Amino acid sequence: MDIVWVIVSTILVFVMQAGFLCLESGLVRSKNSINVAAKNISDFIVSSSLYWLFGFGLMFGDSQWGLFGWSDFAFAEPADTKLIAIFLFQMMFCGTAATLVSGAVAERMSFMGYMVVTVTIALFIYPFVGHWAWAGIITGEPIGWLEKIGFVDFAGSTVVHSVGGWVALAAVLVIGPRIGRFTGSASAIPGSSIPTAILGCLLIWLGWFGFNGGSTLAWNNSVPLILLNTCLAALAGGVVATMLKLRAEHYIEVDQIINGVLGGLVSITASCHIVSTGGAVMIGAVAGSVVFFGEKYLADKKIDDAIGVVPVHLFAGVWGTIALPFFALPAKLQNDLSVWEQLGTQLIGVVSVGFYSFGLAYVVFSLVNKVYSLRVSEQDELRGLNVAEHNISTEVFDLLSAMHKQQEKADFSTQVAVEPYTEVGQIAEKYNHVIDQVNEEIKQRDEAFLAFKQSERRKGAILDAAMDCIIGIDSKGRIQSFNPAAERCFGQTAGAIINRSFFKLFTRDRVQELNSASLDEGFLLTSGWVLERRNMTELQRYDGESFPAEVVVTRTVSIASEPLEYTLHIRDLSEQTKLQKRLETLAFNDSLTGLYNRAAFIRELERRINYHKSNAGVVALMFLDLDRFKKVNDVFGHKVGDQLLCEVGKRLSGVVRGNDLVGRWGGDEFVVAISGALDEEAINSKATEILHVMRETVELPGHTLNVLTSIGVAFSVDGERSADRLLQCADVAMYQAKKLGRDNFCFYTEEMGLFVRKRIQIEADLPDAISQNQLLLNYQPKVSCLTNEVVGFEVLLRWLHPEFGLIPPGDFIPVVESSGLIVDVGEWVLTEVARQLVEWRKAGYELLPVAVNISGFHLHDESLSLFIKALAHQYQLNPSLLEVEITENALTGDTDSSIATMTELKKLGIKLSVDDFGTGYSSLSYLKKFPIDVLKIDRSFINECAYNPDDAAICMAIISLAKSLGLKIVAEGVESLEQLEFIQQQGCDIYQGYLYSRPLPASDVEVLLKRP
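Values in this document were obtained by computation on a predicted structure and should not be read as measured data.

## With respect to the sheet that holds strand β8 (residues 618-626)
- Ordered by their spatial adjacency, five strands build an open sheet running β9-β10-β8-β13-β14, and the pairing between neighbours is mixed. This sheet does not close on itself; its edge strands, each paired only once, are β9 (661-666) and β14 (745-747). When strand polarity is set aside, the average angle formed by the axes of neighbouring strands in this sheet is 20°.
- Inspection of the sheet shows β9 paired to strand β10 (residues 669-676) by five bridges, in the antiparallel sense. Bridge assignment links leucine 661 to a residue of β10, and that residue is alanine 673.

Listed below in structure tokens is the structure:
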């Protein structure tokens, strides 16, 4: 009876192969169903053959260390017929494990790939794992290493189903998901025949009675309970999985029912012989939830298991194995392990089987896949494996292929083939009727379109060639036409916006509101766009960018004179506006710094001043000049100079308020205007702030500079001063700031204005001073310190101005030096001195040398020595009667030129003296270089030399220096006897000053002259 029961169970397990064939064929698409069926039978053939040759021996042969068997290969007829029944039973188990994998990788693994998987699991995985857990089931003594530690897996939750699940997971990970499984909106790829899949599920359920019941290997009292537990677990798994799906998705999915039932069957397989019926229900129910959540997990991780093999057989199998300690009845378990010890043993079995099965499978599949692709090509996958792998077609495939060809060629003129008396044939016939009707409608449309196209060609050519946007809208503002110029202007194609509201797309806010209302009134309202007028407005492009535009609206009418369409002629004024702004920028902004230029600044300044004529307030103007900016250009180049000017502009813009004015006046001059309720303290604070900012180091590429600023400040209270006048006053104050030492600011005063106006008048009248004999000479005697006798004169220039009277030299000599008349004035003085000497000579007086002050500019002029030589020749004078005085600062200019000129003068016998010695910046080495005869001590040292130790020391040092160099000494500005006595004691040679005589006109000098 035992042998009969095992044989019957074997047949039932064999029926599971038919169940798996139906299940997998039903859950895949019809284009792959034949391939799945062919694979199933091939799997069974290959796995059974390998199990006969090697698998049974590896599983039940003589054990090698509890890891594998090594005998009974190519299983032959044994003496014990029961062993044959056990062999057949286990061969069905091996085929089941191999068949499981193929369902997971269906629809994209090649047929040869299936064979690689089958060989791997049937030869290298299942027999070894089976030996670990079941090697002793024939003898009744534990042999495999898992058996020995107490691992229990009655009918194969782990040994058969988890092994199949682990290998399936490895295969899925290696070959990847099906095309389109995780792209697009489809959540899953539907099967072709759900009824067939349900039939497969029922066949598998039937076969599971043999799977679990036959694992007793005998007919005994436990078989009925095993069958009952198997059925209850399946029911519980199906119910729970269905309820979870219904709660989550609000509908019942047949696939979920199937997998819930199968998950319950897998989970109870490990413990169906030792649990109560309640335990079986609990195990099956949990298995149903494990399957449900397992499928969601795989989907989230984008792992494509075609029919749910991994959740059903791997996850549920693992659960069933580790659930055994908690639900097993101790009386039936019959071992000495506690619940937790049994749990540890079960976990060891689950982990070791999983590590070995998954690890070996993943390595083998990965290596094979590198040499031979386990997956079919993309083209074959899309065609279907029925055709690609077996060259077997179906009616549906033929119909789809014919339709696809029509689509590719865009030729629907021929009909598809019709197979009569079949559902597919009826579809094909209906399709042909639709195609005929479509072809007729296309023909009519083409004829109408051709006629319309001919009438519209001329209009289209005009619209396409137009540079302006031409847009047609209906009475609701919806776009009806959109020419290419409009597409370019608004940044959107016509097809994307036809029948959409023009005003909602391309206008906004107030413009949209006004013109939508104007459209409703036929563009006759004056508040919006007006019909057939140039309407200046603002539109926006499709990306939201606003631009100025000119819009002309015209109206198209029907025969009934009702408005049908409005045409908007739109001209984009962006470039025109940009050009206008650019011209304004060029006209009113400095091209280098971007600040206001002179014209724009004056315009804005006038606006401020005019505003405060009627609104109380002050406009303060600051005129800035960069101190010694020319040196920056000379030393570092104009590029660095330009960079410095830009930096100055940035600093000035950053230090003023937002409504203040900043401009570049020209060159290195800048202007700043602030206005409002200002007082002198506020203006003073702002000027101080500007100075502080300008003193900061300027960091330029490759250069670090410090540039200081002089600022002149003037202000207009309640518009009392015009812009021009304010600029003049600030300019005057700026020059006063420079005079006071630079790097400061100075407020304008009326005294400054008077001084400047006088200076300007003097400069303007200077050319007439010579021609109208307004210049005159005075002579100051030079007296010997030893004899107190007159030994010569210094000629001093005076100007008797017809308006200002006698102008002191300090007022007009700087003007002469800064003008181009310095040489002319110098030559006039030399000529007048020569003429006067001739007159004294004619009067019989003994002539004394006359010293004439020569400017540095004149000294460097090559004509000086030639002029004196010619003058001496003209008046028959000994040139030695002339003495040339030059200031100390004149020696620091062009040294070589100065030496050359002075050498020429010395050749003529003219003595050279240095005037105002000690006040300039010359080096003492100049005294050695230049052919000097006389040093004149400046009056600033003589004033207090008699009682100021510092001045006395300076005078003594100069006299000592001159004596050591063999030079004569002249003391200027001697006005007291104490001063005279001091210089006499120090050995000074000559003095001049008010002590002896003031400067005298020529007529008064004769009393000091001697006759020979």
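## Considerations on the UniProt feature "domain: GGDEF" (unreviewed entry) in the protein
- With numbering aligned to this structure, UniProt lists the feature "domain: GGDEF" (unreviewed entry) at residues 617-750.
- For residues 617-750, helix accounts for 45% and strand for 31%, while the C-alpha atoms at its two ends are 21 Å apart.

## Points about helix α8 (residues 222-249)
- Taking 1.5 Å as the rise per residue, α8 with 28 residues should run 40 Å; its terminal C-alpha atoms sit 41 Å apart, in good agreement.
- Burial in α8 covers these residues: Val223, Ile226, Asn229, Thr230, Ala233, Ala234, Ala236, Gly237, Gly238, Ala241, Thr242 and Lys245.
- For α8, the elements touching its buried residues are α1 (2-27), α7 (194-213), α9 (254-268) and α10 (277-300).
- Where α8 ends, the next residue or the one after it, histidine 250, has phi of about 65°, a positive value.

## Examining the domain arrangement of the protein
- Taken domain by domain, the protein consists of domain 1 (3-63 + 73-141 + 148-371), domain 2 (393-405 + 424-453), domain 3 (466-578), domain 4 (589-748) and domain 5 (782-794 + 821-1009).
- For domain 1 versus domain 2, the separation of C-alpha centres amounts to 49 Å.

## Examining helix α37 (residues 977-985)
- If you check which residues of α37 are buried, you get Gln979, Leu980, Phe982 and Ile983. The buried residues of α37 occupy an angular sector of 160° when projected down its axis, which confines them to one face. Away from its buried face by more than 90 degrees, α37 exposes Leu977 and Gln985.
- Tucked inside the fold, the buried residues of α37 contact α35 (939-942), α36 (949-965), β22 (968-971) and β23 (990-991).
- Looking at the residues trailing α37, positive phi occurs at glycine 987, about 90°.

## Some words on the environment of tyrosine 51
- Following the sequence through the fold, tyrosine 51 ends up in helix α2 (residues 30-60).
- Distance in space between the C-alpha atoms of tyrosine 51 and glycine 495 is 67 Å, their sequence separation being 444 residues.
- Discounting chain neighbours no more than four positions away, the residues touching tyrosine 51 are Phe56, Met59, Phe60, Phe87, Gln90, Met91, Cys94 and Tyr126.

## Things to note about the pairing of strand β15 (residues 775-784)
- Taken across its 10 residues, β15 has nine buried, putting it largely inside the fold.
- Relative to strand β16 (residues 790-801), β15 is paired through nine bridges, and the arrangement is antiparallel. Bridge assignment links valine 783 to a residue of β16, and that residue is valine 790.
- Following β15, the chain reverses through five residues before pairing antiparallel with β16; asparagine 788 in that reversal takes a positive phi of roughly 60°.
- Summarising the sheet, β15 and strand β24 (residues 1000-1001) pair through two bridges and their orientation is antiparallel. By the bridge assignment for β24, asparagine 778 is matched with proline 1001.
- Relative to β23, β15 runs antiparallel, the two being bridged by two bridges. Residue pairing in the sheet places valine 783 in a bridge with tyrosine 991 of β23.

## Concerning the packing of aromatic side chains
- A full pass over the atoms with the stated rule returns 41 aromatic pairs.
- For the pair tryptophan 5 and tryptophan 219, a centre-to-centre distance of 4.9 Å together with 70° between the ring planes defines the contact as edge-to-face. Here the residue tryptophan 5 occupies a position in helix α1, and tryptophan 219 occupies one in the loop between α7 and α8, the gap between them amounting to 214 residues.
- Cluster of aromatic residues (ring-pair linked, three or more members): Phe54, Trp65, Phe68, Trp70, Phe73, Phe128, Trp132, Trp145 and Tyr356.
- Directly above the aromatic system of phenylalanine 547 lies the positively charged group of arginine 541, at a separation of 4.1 Å from the ring centroid.
- Across the ring face of tryptophan 665, the terminal group of arginine 598 is positioned such that the distance to the ring centre comes to 4.4 Å.

## A few points about a nonpolar patch on the surface
- On the surface, Trp52, Leu53, Phe54, Trp70 and Phe73 cluster together to form a nonpolar patch covering roughly 490 Å² of accessible area.
- For leucine 53, the location among the structural elements is in helix α2.
- Overall, the relative accessible area of 30% leaves leucine 53 in the partly exposed class.

## Description of unusual backbone geometry
- Positive phi outside glycine occurs at leucine 217, with the angle close to 60°.
- Of the residues examined, leucine 217 reaches a relative accessible area of 9% and is grouped as buried.

## As for the environment of methionine 282
- Mapped onto the fold, methionine 282 is located in helix α10.
- For methionine 282, a relative accessible area of 44% corresponds to the partly exposed category.
- In this structure the C-alpha to C-alpha distance between methionine 282 and leucine 232, which are 50 residues apart in sequence, comes to 9.4 Å.

## Re the nonpolar core
- Counting residues in each nonpolar core, the largest one holds 102 residues, and the members touching the most others are Tyr51, Tyr126 and Phe365.
- When residues of this core are assigned to their parent elements, the largest contribution, 14 residues, is made by helix α3 (residues 81-104).
- Contacts of phenylalanine 365, omitting those with residues within four sequence positions, involve Val116, Val117, Thr120, Val167, Ala170, Ala171, Val174 and Leu374.
- Judged by nonpolar contacts, the second largest core, of 77 residues, contains Cys785, Leu871, Ala1002 and Val1005.

Reading the values: the criteria
Residues numbered from 1 in each chain as written. Predicted model: local features only at pLDDT ≥ 70, side-chain atom pairs only at ≥ 80, totals over all residues. Heavy atoms only, no water. Pairing = 2+ DSSP bridges. Helix = DSSP H or I, 4+ residues; strand = E, 2+ residues; numbered from the N terminus. Axes fitted to C-alpha atoms, helices over the stretch in contact; angles between N-to-C directions. UniProt positions renumbered as here; feature names shortened; annotations may be inferred. Expected span 1.5 Å × (residues − 1). Buried < 20%, exposed > 50% of the residue type's maximum accessible area, 1.4 Å probe, protein only. Contact = heavy atoms within 4.5 Å. Domains from an automatic or database assignment. Arc of directions from axis to C-beta. Phe/Tyr/Trp six-rings, centres within 6.5 Å; stacked < 30°, edge-to-face > 60°. Lys NZ or Arg CZ within 6 Å of the ring centre and 35° of its normal. Patch = residues over 30% accessible without salt bridge, like charges linked within 9 Å, V, L, I, M, F, W, Y side chains within 5 Å. Areas by Shrake-Rupley, 256 points an atom, 1.4 Å probe, with all protein chains shown as cover. Salt bridge = Lys/Arg side-chain N within 4 Å of Asp/Glu carboxyl O. Core = buried A, V, L, I, M, F, W, Y, C linked by side-chain atoms within 4.5 Å.

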